[in-house]
Amino acid sequence: MNAEPRDARALTDRLHALAADADAHPLLVALDFDGTLAPLQDDPSASRILPAGVDALATLAGHAGLELALVSGRSMADLQALAQVPAGTFLIGSHGAERARVTTFGLDRDVVELTHAQADRLAALGARAAAVARGRDGVWVETKPTAVVVHTRLAEPDVGAEAEAQALALGTELGCGTLHGKDVVELTVLPADKGTALQALRGELGAPVVLYAGDDVTDEHAFAALGATDVTVKVGAGQTAAAYRVGSPDAVVAVLADLAATWDR
Ligand SMILES: O=P(O)(O)OC[C@H]1O[C@H](O[C@H]2O[C@H](CO)[C@@H](O)[C@H](O)[C@H]2O)[C@H](O)[C@@H](O)[C@@H]1O
């Protein structure tokens, strides 16, 4: 059993020490999007980073010795449209299956290519997931470049639970990757996870230390992949392997603003 994560005060103290330690630079500040920087919404297209978070990220981007990344289950198209992040920020989407970097001219983006077999399986998945949603109020299906997502946030609890169970069974039947997040079951034809993607990015950047914050069970992949000298932060309640816990996206943003204010001091 993991020890209870340490609180926001301890996190801030740790970040102050890292800001002052050139051996820890570049520090990779990697953040989940929904539920971490952007409060959860019934309509995913309504999600936005908290305004103070947009400001904090812009300030952080101006500092030497620090790299920024968003690491999300969102498709790259969604992330680009919704995330108001500064040029230079790395975007990891679809839980690691998509990757890009924000530039002043748009996205510098790696293209995701599915094999014919994967594309066929994605189409089949979409049809079967639509059948899971059919007749169930509040259940709907989102299609992404490598996955389909059965959403249940708007359904009555028993209806949502049934749909999630069927979606998970569908994943097993069709042999695809399955991720069970907050009111979502994600079925993917191109398995990826945030931990693998984050470790690859930190390797490329030569980042001795990674700060990663996330709120969902899918973020546990990132917490598990990172080491004891990294800084892992669970946002909100729930079992976690993270070393620190903060209560909400507002608290995440406050920590980032404090880091930005401290960095060059
Ligand atoms: O890794 P994340 O950035 O947390 O993205 C994970 C999923 O985010 C979206 O769903 C979640 O946020 C929605 C908007 O707040 C909410 O309605 C839903 O219940 C959440 O699970 C997105 O729609 C998914 O595709 C992402 O995988």
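From a predicted model like this one, the values you see are computed outputs, not experimental measurements.

### With respect to the overall build of the chain
So, point 1. Scanning the chain from N- to C-terminus turns up 8 helices and 12 strands.
So, point 2. Computed over C-alpha atoms, the radius of gyration of the chain comes to 18 Å, within 12% of the 18 Å expected from 2.2 N^0.38 for 265 residues, which places it in the range of a compact globule.
So, point 3. The C-alpha extent of the chain, read off along each of the three principal axes, is 60 × 40 × 35 Å.
So, point 4. Here the chain, with 265 residues, has 46% of them falling under the buried criterion.
So, point 5. Here the contacts in the chain between residues at least 6 apart in sequence split such that 56% fall between residues at least 24 apart.

### A short note on the packing of helix α2 (residues 51-61) against helix α8 (residues 249-262)
So, point 1. Their axes nearest at 9 Å, the elements α2 and α8 cross at an angle of 30°. Overall, the two elements α2 and α8 adopt an arrangement that is roughly parallel. Two packed elements cross with a definite hand, and for α2 against α8 that hand is left-handed. For the pair formed by α2 and α8, the contact residues are A52, G53, A56, L57, T59 and L60 on the first element and V253, L256, A257, L259 and A260 on the second.

### Remarks on the nonpolar core
So, point 1. Residues A30, L70, V150 and Y212 are the most contacted members of the largest nonpolar core, which totals 79 residues.
So, point 2. Per-element tally for this core: the top contributor is α8, with 6 residues.
So, point 3. Domain assignment of the residues forming this core places at least three in each of domain 1 (8-112 + 192-262) and domain 2 (116-188).
So, point 4. Not counting residues within four places of it along the chain, the set of residues in contact with L70 comprises L31, F33, L79, A83, V85, T89, L91 and I92.

### Thoughts on the site of the ligand
So, point 1. Residues in contact with the ligand amount to 23 residues; listed here are only the nearest, F33, D34, P44, S72 and G73.
So, point 2. Those elements giving two or more residues to the shell around the ligand turn out to be β7 (147-151) and β9 (184-188).
So, point 3. Class assignment for the residues of the shell around the ligand results in 5 nonpolar, 8 polar and 10 charged.

### Quick notes on the pairing of strand β10 (residues 209-214)
So, point 1. The buried count for β10 comes to 6 of 6 residues, which makes it a mostly enclosed element.
So, point 2. Relative to strand β11 (residues 231-235), β10 is paired through 4 bridges, and the arrangement is parallel. The partner of Y212 across the bridge, within β11, is T232.
So, point 3. Taking the sense of rotation as the criterion, the β-α-β connection linking β10, helix α7 (residues 220-225) and β11 turns out right-handed.

### Quick word on the sheet that holds strand β8 (residues 177-181)
So, point 1. Pairing is antiparallel across the open sheet formed by 4 strands, whose spatial order is β6-β7-β9-β8. Taken across any chain shown, the strands that pair with only one partner, and hence form the sheet edges, are β6 (140-143) and β8. For this sheet the average axis-to-axis angle between neighbouring strands, irrespective of direction, equals 20°.
So, point 2. Bridging between β8 and β9 involves 5 bridges; their strand directions are antiparallel. Bridge pairing links G181 to V184 in β9.
So, point 3. The sheet strands contacting helix α5 (residues 157-174) are β7, β8 and β9, and the helix crosses β9 at an angle near 15°.

### Comments concerning the environment of H116
So, point 1. Looking at the element boundaries, H116 is found in helix α4 (residues 116-133).
So, point 2. H116 sits 53 residues away from H63 along the chain, and the two C-alpha atoms are 44 Å apart.

### Quick notes on unusual backbone geometry
So, point 1. Of the consecutive residues H25 and P26, the connecting peptide bond is found in the cis state with omega at 0°.
So, point 2. Along the chain, the position of P26 falls in the loop between α1 (8-19) and β1 (27-31).
So, point 3. Look at S94: it is not a glycine, yet its phi comes out positive at around 45°.
So, point 4. One can find S94 in the loop between β3 (90-93) and β4 (98-103).
So, point 5. Its identity is not glycine, yet D183 carries a phi of approximately 60°, on the positive side.
So, point 6. Within the secondary structure, D183 is located in the loop between β8 and β9.

### A word on the pairing of β11
So, point 1. The element β11 is extensively covered by neighbouring structure, given that 5 of its 5 residues are classed as buried.
So, point 2. Along β11, one buried face is formed by V231, V233 and V235 and the opposite face, lined by T232 and K234, is buried too.
So, point 3. Of the pairings in the sheet, the one linking β11 to strand β12 (residues 244-246) comprises 3 bridges and is parallel in character. Pairing of V233 across the sheet is with Y244, part of β12.

### Focus on the domain arrangement of the chain
So, point 1. Domain annotation of the chain identifies domain 1 (8-112 + 192-262) and domain 2 (116-188).
So, point 2. For domain 1 versus domain 2, the separation of C-alpha centres amounts to 26 Å.
So, point 3. Taken together, the contact between domain 1 and domain 2 spans 13 residues of the former and 11 residues of the latter.
So, point 4. Residue composition of the side of domain 1 that touches domain 2, grouped by class: 4 nonpolar, 6 polar and 3 charged.

The rules behind each value
- For every chain, the first residue of the written sequence is number 1, and numbering continues from 1 onward in sequence order.
- Only residues with pLDDT of 70 or above have their local features reported here, since the model is predicted, and side-chain atom pairs are shown and tallied only from 80 upward, although totals for entire chains, interfaces and linings are computed over all residues.
- Labels follow the DSSP assignment, with helices taken as runs of H or I lasting at least four residues and strands as runs of E lasting at least two, numbered in each case from the N terminus.
- The reference for a compact globule is 2.2 Å times residues^0.38; the radius of gyration itself is calculated from the C-alpha atoms.
- Working definition of burial: number of other C-beta atoms within 10 Å of the residue's own, with buried at 20 or more, exposed at 12 or fewer, and partly exposed in between, all C-beta atoms being placed from the backbone.
- Here contacts are defined at the residue level, using C-beta atoms placed from the backbone and a cut-off of 7 Å between them.
- To obtain an axis, a line is fitted to C-alpha atoms, over the contacting stretch when the element is a helix, and the angle between two such axes runs from 0 to 180 degrees between their N-to-C directions.
- For classification purposes, angles smaller than 35 degrees are called roughly parallel, those larger than 145 roughly antiparallel, those between 65 and 115 roughly perpendicular, and all remaining angles oblique.
- Left-handed describes a crossing whose near helix is turned anticlockwise from the far helix by less than a right angle; the clockwise case is right-handed.
- For the purposes of this analysis, a nonpolar core is taken to be any set of buried Ala, Val, Leu, Ile, Met, Phe, Trp, Tyr and Cys residues that are connected through C-beta atoms within 7 Å.
- Domain limits in this description derive from either an automatic procedure or a database domain assignment.
- Contact assignment follows one rule, namely that a residue is near a molecule or strand if its backbone-placed C-beta atom lies within 6 Å of it.
- Any residue that is not Ala, Val, Leu, Ile, Met, Phe, Trp, Tyr, Cys, Pro, Asp, Glu, Lys or Arg is counted as polar, Gly included; the first ten are nonpolar and the last four charged.
- We call two strands paired when DSSP finds no fewer than two bridges between them.
- By convention, orient the strands away from the viewer: a clockwise path from the first strand over the helix to the second makes the crossover right-handed.

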